[in-house]
Each structure stands twice: as C-alpha cells, then as structure tokens.
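# Structural description and commentary
Next come the chains, spelled out residue by residue.
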Amino acid sequence: MLLCVGVGCGGSSSKKDTTVVDPAAVARDAAILERKQKLEAMKPASPYEVRENEVYRPSGRCGQGPYRLETESLRAKYSERMVVYACGKHAISGNYSLTTTRPKQPDARDEAAFGFSRDNAACKGREVAVVTGGGGDGIGGGGGKGMGKGGGAAPAMTSKPIALERATVIPEDCVKSQLLDHSWLAHEDGIAMDARFVVDVWSDEPNDLEGLVFVIEKSAVVAGMTVERWRAYMDASTAYHKAFMADLELDVAAGRTRLIDNKVKTPPPPPARIEVQPPRPSKNARWIPGYWLYEETAFHWITGLWDVPEEDVVRELTVQAPTPPPATPANTEPTDPRPTRTAVWTPGSWQWDGRAYIWVVGAWRIPPDAQSTWQRPTWNINRGRAIYVPGGWRVRVRLR
C-alpha cells in the first residue's frame, strides 16, 4: 500500500490553487490576534478561592418557578464573589432577581435575564385553557361521562416563590447555565459584604430540569493576602478592565461582537394550576404538566397533556375499549374567545378510562411552529373493539 502525503504524489495534475489571498484581511486578522494576546497577558491572576458551595434541587422534571435560593455573605476581608449557576442535563434560560439585605440600609434589588438557549422540548405541552371564571364545561352523552376544564376564578398575578430542597452533590458532567456573577470590594482589608441574599429564578416557558441542581458558589480572597498585594492586584485589574472595554468597543463597532440585551422581559408567572389528568392513553405515556405562557402582555394557562411514544402507537399499545366510542356531542365549538393570535382550536375527543368513555372537551392550543397542524385523536375499529390513536401536531412534508 502506498501512502501519499504532500504535493506532486500520484502523477501530474492540471489543477491549480486559485485561492485569492487578501493581504489587507491577513494583516487585519494578525493585528486583531496580537491585540487579543496583549489583552490576555494583562489579565491578573484571580485572587479568589472557593469557600462554600450551596446546592439546591427542584422537584419535578419540568418547571418555570419562581424558585427561591437564600444565603448569606461570607463576611470575608478584601473582597468576596458569588456565582449562581444551574448544572443539569439540559441548558436552561430565564430571569433572576437578587435582593440584598444589609444592616441599617435599604434593600437593594438587581434583576436580569440569563442564558442564551434552552433545551425544553420534553416540557412543552401545548393545550391552552383560557384563564376565565365559571364552572366546568364537560359534555357527556351516549353512556359516557363529562370531563372539562377546571372552574374557579383566574389566579391573581402574584407569585409565591417555590422553596427548593437542599442537596449535596454537584454533577461532574453537566450542561452549565450561569445565572449571575457578583463581586463586592472592601476598602483595603475591611469586610467586603455583610448581607443576606435572596435569589428568585423564573422563566417564561418551562425549563427541562432533568438531573438539575442550582449551585451558589461563594469565594473569598486567598488567605495570606496583604494590603500591598491587594493594591497591586486592584491596579492591574482596573487597567485590564479599561483595556477590555476598549477592545470590546472596537469589536462591536466592527460587527465582530454583538451585545445581548439582558433585561427581564416577563414578570414571574402565577402559581401553577392543579390539574386533573385525563385517562392515561398508554402504559408508556408521560404526563407533561401545564405551565403559564406569557404572550401579548398577559399570562395564559397551557394545560398538561400526555406524551405518547410513537412506538406505542405503531405497536398498538395504546388504550383499547370493548366497544366503539359514542357519537361526537353537539355544540363542541369554543365558547371562550381566542386567548392569543397564535392559538388554534382543537376539538374534544372521547377517551376510555377502563370502565366507560369520558368526553374530554376541546381547547385552544399553541402550535409549535407555523408549519404544524393539529391531528385530532381517533379510534381504530377492529372486529368491534376500538384502539385509541392519540392526537398531536403534525408537519406536512412535501416530497418532490
């Protein structure tokens, strides 16, 4: 076997490299690289060491908060730093607020959005129940029983934070989503911060919290720091920050970097509603809990629904009934107005609870994208028995 490496191996070729090199672009890239290297060389070594980690675990796989984390400062000399991050199997994003309470001073509050993406496909049920008052509106008939949306007044637009369980283990291999990174400086070798902190975390859609913990990482200046060394570090840090901001300004002006707006865009959601689950459509079906959707300056409740594996449908492992379902009841059109401009009405359907058919009323739903259409649940009749085929969003694919 002949291993050919390099140019001119394997015979002559008439092909030539036609790549055009722009000398100006090469010079520009070299100048940028040199500037970045000089900037990195200016960065002083971190004087911090981690002193404490507090770990909190949310209950349930899907949720949007608001979750509350509470802690106190280290009361360390020179400076201390607090980093809060999420560590789990999926990326999350949302908003946070940090309330700082100090002796004899008014509370200070800081809030911002965090995260650049979220991996929450497993947590987005799409059935919308409009936030209105009134009783249930189930429809029965043909020997079945009625089941509808829960009644009662719409919940108040206030949020009671959800307390988290304390944990001890931080996953070694995880997707890390940073919420905040704050530092406090003292005058010379004084106490940097004497305070209590409350961090509230929430999102406009549910995050996938599978295997996730929230971590409060608290750091202080290394032991043995002297006033002289601290002054030298602060001088170097100030010079580096000034140079960093100047470099950032150049990158933004040249279009190489874009500043992200991290302002909070949605308030915390109301408390989650207590839901009554329809009959389980298959043994392997997973319940996706409901959540609040913030759209058009208002919250709309998206009720939970069952996620049925495609394999269960193909292998006919879904619910079977001894008789076909009754006829569709009359007057199944929506009585509530469309909650948002993107909502689509999906009709109700019969479901089997093991003893009788139950009519589950229709609902407004939000399609996952503009190409998706709703396919309503059906029953396949075979020799008098009925096999349930769950509904869901379908995307039409055109074959050329």
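Up top is the structure these notes are about.
The notes below deal with the structure included here. In this text the structure is predicted, and so the values were computed from the model without any measurement.

### Regarding the pattern of salt bridges
Taken as a whole and judged by the stated rule, the model has 26 salt bridges. For Glu54, the salt bridge is made with Lys218, and the minimal N-O distance between the two is 3.1 Å. Placement of the pair is Glu54 in strand S1 (residues 48–57) and Lys218 in strand S14 (residues 213–221), with a sequence separation of 164 residues. The exposure classification of Glu54 matches that of Lys218, with both residues buried. Of the charged contacts in the structure, one is a salt bridge between Asp181 and Arg81, with a shortest N-O distance of 2.6 Å. Here Asp181, found in strand S11 (residues 175–185), pairs with Arg81, found in strand S4 (residues 79–88); they are 100 residues apart in sequence, far enough to count as distant. For Arg81, a relative accessible area of 27% puts it in the partly exposed group. Salt bridges sharing partners connect three or more residues here, namely Arg35, Lys36, Asp247, Asp251 and Arg256.

### Some points on helix H2 (residues 227–254)
Helix length check: H2, at 28 residues, gives a terminal C-alpha distance of 41 Å against a target of 40 Å (1.5 Å per residue), a fit within 8%. Those residues of H2 not exposed but buried are Trp230, Tyr233, Tyr240, Asp247 and Asp251. Of the surrounding secondary structure, the elements contacted by the buried residues of H2 are helix H1 (23–42), S1, S4, S11 and S14. One or two positions beyond H2, positive phi appears at Gly255, with a value near 80°.

### Description of the sheet that holds S14
Taken in spatial order, the five strands of this open sheet run S10-S1-S14-S4-S11, and their pairing is antiparallel. The sheet terminates laterally at strand S10 (165–167) and S11, the two strands that pair on one side only. Going across the sheet, the axis of each strand differs from the next one's by a mean of 25°, ignoring polarity. Strand direction decides the pairing type here: S4 and S14, joined by eight bridges, are antiparallel. Looking at the pairing, Cys87 lines up with Val213 of S14.

So, how was this worked out
- Residues numbered from 1 in each chain as written.
- Predicted model: local features only at pLDDT ≥ 70, side-chain atom pairs only at ≥ 80, totals over all residues.
- Heavy atoms only, no water.
- Salt bridge = Lys/Arg side-chain N within 4 Å of Asp/Glu carboxyl O.
- Helix = DSSP H or I, 4+ residues; strand = E, 2+ residues; numbered from the N terminus.
- Buried < 20%, exposed > 50% of the residue type's maximum accessible area, 1.4 Å probe, protein only.
- Expected span 1.5 Å × (residues − 1).
- Contact = heavy atoms within 4.5 Å.
- Pairing = 2+ DSSP bridges.
- Axes fitted to C-alpha atoms, helices over the stretch in contact; angles between N-to-C directions.

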